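Secondary and tertiary structure notes
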Amino acid sequence: MTLKTDSSVNATGFEATVEVVNISLSALDCGDFHCVSDGVCIPHSRVCNRVAECGSESDQEHCAGPTHLDKVVFVDSVYNFTSPNFPGEYPNNLTAIWHFSTFEGFQLLLKFQVLVTESCCDIVTVGNGNSTDRQVALHWSGGPPESEVQFLSSGNTLWMTLKTDSSVSATGFEATIEVVNISLSALDCGDFHCVSDGVCIPHSRVCNRVAECGSESDQEHCAGWNTEEPGI
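Along each chain, numbering runs from 1 in the same order as the chain's sequence is written. It should be noted that, the model being predicted, local features are given only for residues of pLDDT at least 70 and side-chain atom pairs only at 80 or more, the latter also being counted only at that level, while totals for whole chains, interfaces and linings use all residues. Note: side-chain values were computed over all heavy atoms of the structure, leaving out hydrogens and water.

Next up on the list: the overall build of the protein. Every helix listed is a DSSP run of H or I at least four residues long, and every strand listed is a run of E at least two residues long, numbered separately from the N terminus. Helix and strand counts for the protein stand at zero helices and 13 strands. The dimensions of the protein, computed from C-alpha atoms along their principal axes, are 65 × 45 × 25 Å. The rule is simple: take the accessible area with a 1.4 Å probe, protein chains only, and divide by the maximum for that residue type; under 20% is buried, over 50% is exposed, in between is partly exposed. Within the protein, the proportion of its 232 residues that are buried is 41%. In the protein, the proportion of contacts linking residues at least 24 apart, taken out of those at least 6 apart, comes to 65%. For every accessible area listed, the method is Shrake-Rupley and the probe measures 1.4 Å; residues are considered covered only by the protein chains on display. Summed over its atoms, the accessible surface of the protein is roughly 13100 Å², and 50% of this surface lies on carbon and sulfur atoms. The contact criterion used is simple: two residues touch if any of their non-hydrogen atoms lie within 4.5 Å.

It is worth spelling out the sheet that holds strand E7 (residues 123-128) at this point. Pairing between two strands is assigned when DSSP locates at least 2 bridges connecting them. Pairing in this open sheet of five strands is mixed, and the strands run E3-E5-E10-E7-E8 from one edge to the other. The sheet is open, and its two borders are formed by strand E3 (68-74) and strand E8 (136-140), each paired with just one other strand. Each strand axis lies, on average, 10 degrees off the axis of its neighbour in the sheet, ignoring direction. Sheet topology places strand E5 (residues 95-101) next to strand E10 (residues 157-163); seven bridges connect them, and they run antiparallel. Counted as the bridge partner of Phe 100 is Leu 158 from E10. Axis lines are fitted through C-alpha atoms, for helices just across the contact stretch, and the angle between N-to-C directions can take any value from 0 to 180 degrees.

A separate point is the confidence of the model for the protein. In this model, the protein carries an average pLDDT of 85, and 93% of its residues clear a pLDDT of 70 or more. Known as pLDDT, the predictor's per-residue confidence is scaled from 0 to 100. Per-element averaging of pLDDT across the protein places strand E1 (residues 33-35) at the bottom with 80 and strand E11 (residues 172-180) at the top with 97. In this model, residues 225-232 is a region of pLDDT below 50 whose contacts with residues beyond four sequence positions or in other chains number 25 contacts.

A separate point is the nonpolar core. The nonpolar core is taken to be a set of buried Ala, Val, Leu, Ile, Met, Phe, Trp, Tyr and Cys residues, with the residues joined through side-chain atoms within 4.5 Å. Residues Phe 81, Phe 100, Leu 110, Phe 112, Val 126, Met 160 and Phe 173 are the most contacted members of the largest nonpolar core, which totals 37 residues. Of the residues forming this core, the biggest block, five residues, is contributed by strand E6 (residues 107-116). Setting aside residues up to four positions removed in sequence, Phe 173 forms contacts with Phe 81, Thr 82, Ser 83, Phe 86, Trp 98, Phe 112, Val 114, Leu 115, Met 160 and Leu 162. Leu 109, Leu 152, Val 180 and Cys 200 belong to the second largest nonpolar core, which has six residues in total.

This paragraph deals with the state of the cysteines. In this description, a disulfide is simply a cysteine sulfur pair whose atoms lie within 2.5 Å. Under the counting rule described, the total for this entry stands at five disulfides. Between the sulfur atoms of Cys 30 and its disulfide mate Cys 41 the distance is 1.7 Å. Disulfide Cys 30-Cys 41: torsion about the S-S bond near -85 degrees, hence left-handed. Within this pair, whereas Cys 30 is found in the segment before E1, its partner Cys 41 is found in strand E2 (residues 40-42), the two being separated by eleven residues in sequence.

So this is what it looks like as structure tokens:
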């Protein structure tokens with residue numbers, strides 16, 4: 001066993017035990033992912049993450065995890081969904097697109113129970129309508145937020161994307177979409193409300209030099225900039 005470090009960042013390192021046993025490799029009780037030929041147990045979250053932890057690289061084989069997802073959903077009441085692999089880490093180089101719609105005359109209320117991505121580079125974007133390059137209401141990276149992030153559609157359709165780069169992954173999101181019939185101004189945020197966007201974000205993300213609201217109203221009238229960097 002070796003531990004080799006570079007010239008920059010340090011970390012805690014490890015604490016380990018070695019025990020004398022008399023069992024076969026196949027009898028090793030992992031309770032998680034088992035690289036059988038290597039005699040190694042690793043967490044499922046490290047499987048298909050584009051980094052081989054097992055010497056045989058069996059943890060990166062047969063990875064059918066999507067690099068592209070395009071889903072269309074009609075919501076008639078409440079719909080629960082998550083990022084791919086949740087609560088494990090989402091894939092790198094992922095483009096995931098969701099299109100949601102409901103009955104005419106109603107709106108869709110999107111609430112994130114969990115929302116964590118690589119700060120700067122893995123982006124959740126939400127908007128009104130059907131086209132993923134128009135009517136953007138929310139951009140998000142980093143997290144986790146200290147309060148619930150919400151989005152209320154202006155009509156009966158909304159879209160959402162998760163786009164990731166080739167490096168660091170994170171937990172992603174867990175969210176619900178509910179059919180409602182309320183106005184944008186009636187949205188109960190309890191936090192910062194980008195009224196024209198129908199978005200609720202934590203106060204800590206206001207005046208942080210990164211526009212989460214599509215209208216950028218979270219970065220307006222900033223008399224004293226919040227210098228705290230969002231991220232993970």
